[in-house]
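# Structural characterization, general
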Amino acid sequence: MGLFSKTVGFIKDRLEKTRNKITKSLSDVLSFGRKIDEDLLDELEEVLISDDLGYETTMKLIEELRESYKNKEIETSEQIIPFLKEKIKNYWPQRDRELAKSDSGPTVVLVAGVNGSGKTTSIAKLGFNLSSAGHKVVVAACDTFRAAAVDQLSIWSERIGVEIIKHKQGADPAAVAYDACHAAIARDADYLIVDTAGRLHTQKHLMKELEKIKAVTSKKIPGSPHEVILVVDGTTGQNAIAQAKEFTGAIDVTGIFLAKLDGSARGGIVIAIKDKLDIPVKFVGLGEKPEDIAEFEPEEFVEALFS
């Protein structure tokens, strides 16, 4: 689809804080002419873990580096960063990271995430880019429990020029979803993006509401939801993984939207997520504007982190 594609330069600019942190920490260890030995590998291990690459990935990289050095595939410390970049790029299989599209009728995208994760802004980014590409988009304000959530989504929908289906605060979220499905079909929409209440898997009543929303959309639009996107706050580092685990244990998440990566030095968390979850990162949020979104492409992302 390529609707959300961005250049390496754009991503590089937005990941400046992460890149500066990684560049500095690596340059401190990989000083020019330093020989490769166990001391260097130990220091490199500490650096990669502290840069949020994750324990499992770090251990794997260090072991591969050790073997390549023993086999004389690399001989100097100057070769380590290109080695790391190539290895990390290869960790992601060739799998579909694009937004799903139904064969007929509206494509239903459920969006979940804890309050404060950047969920509303992420919905706006998805809606804006799909609409800008010529798709007819409807958003459903099913986060009816949180104060001002409907108002916030209403402001965004007006700003990006897409229709919103909403009820009053405190209304039944499933009823909003029902009306939104009806509207999306009647208006021949291409995408229906459904906001859901910020929740944790321990909040049983909210999880039941989400199940009701899924049941309603499935009944009104067979085969839906076609995507269940989990928005995760990238600034929280390793806590983002714990957050994602809570959701994936409760709902059938098909992809992750990693938000707020421009505002932190923790972009390495994308790599750590690969360790812990068998869920593709589909999108990364790289700013506050509606267009500040990129499809996650491993090669471009790694280049932006390490260049």
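Structure report, in brief. In this text, all values refer to a predicted model and were calculated from it rather than measured experimentally.

Conventions adopted
- Residues numbered from 1 in each chain as written.
- Predicted model: local features only at pLDDT ≥ 70, side-chain atom pairs only at ≥ 80, totals over all residues.
- Heavy atoms only, no water.
- Core = buried A, V, L, I, M, F, W, Y, C linked by side-chain atoms within 4.5 Å.
- Buried < 20%, exposed > 50% of the residue type's maximum accessible area, 1.4 Å probe, protein only.
- Helix = DSSP H or I, 4+ residues; strand = E, 2+ residues; numbered from the N terminus.
- Contact = heavy atoms within 4.5 Å.
- Axes fitted to C-alpha atoms, helices over the stretch in contact; angles between N-to-C directions.
- Parallel < 35°, antiparallel > 145°, perpendicular 65-115°, else oblique.
- Phe/Tyr/Trp six-rings, centres within 6.5 Å; stacked < 30°, edge-to-face > 60°.
- Lys NZ or Arg CZ within 6 Å of the ring centre and 35° of its normal.
- Polar contact = N/O pair within 3.5 Å; in protein donor to acceptor, adjacent residues only side chain to side chain.
- Pairing = 2+ DSSP bridges.
- Expected span 1.5 Å × (residues − 1).
- Arc of directions from axis to C-beta.

## Details of the nonpolar core
Ile80, Ile88, Leu192, Leu261, Val284 and Phe301 are the most contacted members of the largest nonpolar core, which has 76 residues in total. With seven residues, the top contributor of residues to this core is helix 8 (residues 173-186). Residues contacting Leu261, with those up to four places away along its chain left out, are Arg14, Leu15, Gly234, Arg266, Gly267, Ile269, Val270, Val284, Gly285, Leu286 and Phe301. The next biggest cluster of nonpolar side chains, apart from the first, holds 25 residues, and it includes Ile123, Ile160, Ile164 and Ile293.

## As for the packing of helix 2 (residues 16-29) against helix 12 (residues 298-306)
Contact geometry for helix 2 and helix 12: axes closest at 7 Å, N-to-C directions at 60 degrees. Regarding the angle of helix 2 to helix 12, the classification is oblique. Contacts from Thr18, Arg19, Ile22 and Leu26 of helix 2 reach helix 12 at Ala304, Leu305 and Phe306.

## Some thoughts on the packing of aromatic side chains
On inspection of all chains with the given rule, the structure shows three aromatic pairs. Relative to Phe283, the ring of Phe257 lies with its centre 5.8 Å away and its plane at 35 degrees, an arrangement referred to as tilted. Taken as a pair, Phe257 in strand 6 (residues 255-259) and Phe283 in strand 7 (residues 281-285) lie far apart in primary sequence, 26 residues in all. Comparing Phe257 with Phe283, the two get one shared label, buried. Seen from their ring centres, Phe296 and Phe301 are 5.3 Å apart, and the 65 degrees between their planes marks the pair as edge-to-face. No difference in accessibility class separates Phe296 from Phe301, as the two residues are buried. A network of ring pairs unites the aromatic residues Trp92, Phe296 and Phe301 as a single cluster. If you follow Lys101 out to its NZ or CZ, it ends over the ring of Tyr191, 5.4 Å from the centre.

## As for unusual backbone geometry
In this structure, Pro225 follows Ser224 across a cis peptide bond, with omega equal to -5 degrees. Even without being glycine, Lys72 reaches a positive phi, approximately 60 degrees. Here Lys72 lies in the loop between helix 4 (55-70) and helix 5 (80-89).

## Regarding the environment of Thr23
The residue Thr23 is located in helix 2 in this model. Look at Thr23 and you get partly exposed, because its relative accessible area is 40%. Along the chain, Thr23 and Thr248 lie 225 residues apart, while their C-alpha atoms are 33 Å from each other. Within the structure, the side chain of Thr23 is placed 2.7 Å from the backbone oxygen of Arg19, a separation counted as a polar contact.

## Side note on the side chain of Asp292
With respect to the element layout, Asp292 can be found in the loop between strand 7 and strand 8 (293-295). Not counting chain neighbours up to four residues away, the residues in contact with Asp292 comprise Phe10, Arg14, Lys125, Val284, Gly285, Leu286 and Gly287.

## Digging into the sheet that holds strand 1 (residues 107-112)
Read across the sheet, eight strands follow the order 3-2-4-1-5-6-7-8 without closing on themselves; strand pairing throughout is mixed. At either margin of the open sheet sits one strand with a lone partner, and together these are strand 3 (163-165) and strand 8. Sheet twist, expressed as the average angle between the axes of neighbouring strands with direction ignored, equals 25 degrees. Strand direction decides the pairing type here: strand 1 and strand 5 (residues 227-233), joined by four bridges, are parallel. Paired with Leu110 across the strands is Val228, a residue of strand 5. Helix 10 (residues 238-248) contacts strand 1, strand 5 and strand 6 of the sheet and is inclined by roughly 150 degrees relative to strand 5.

## Observations concerning helix 7 (residues 149-160)
In this model, helix 7 (12 residues) spans 17 Å end to end at C-alpha, consistent with the 16 Å of a helix rising 1.5 Å per residue. Of the positions making up helix 7, those classed as buried are Ala149, Val150, Leu153, Ser154, Trp156, Ser157 and Ile160. The buried residues of helix 7 occupy one face: seen down the axis, they fall within an arc of 165 degrees. Those residues of helix 7 that are exposed and angled more than 90 degrees off the buried face are Asp151, Glu158 and Arg159. Residues of helix 7 that are buried make contact with helix 6 (119-132), strand 2 (137-141), strand 3 and strand 4 (191-195). At the C-terminal side of helix 7, Gly161 shows a positive phi close to 80 degrees.

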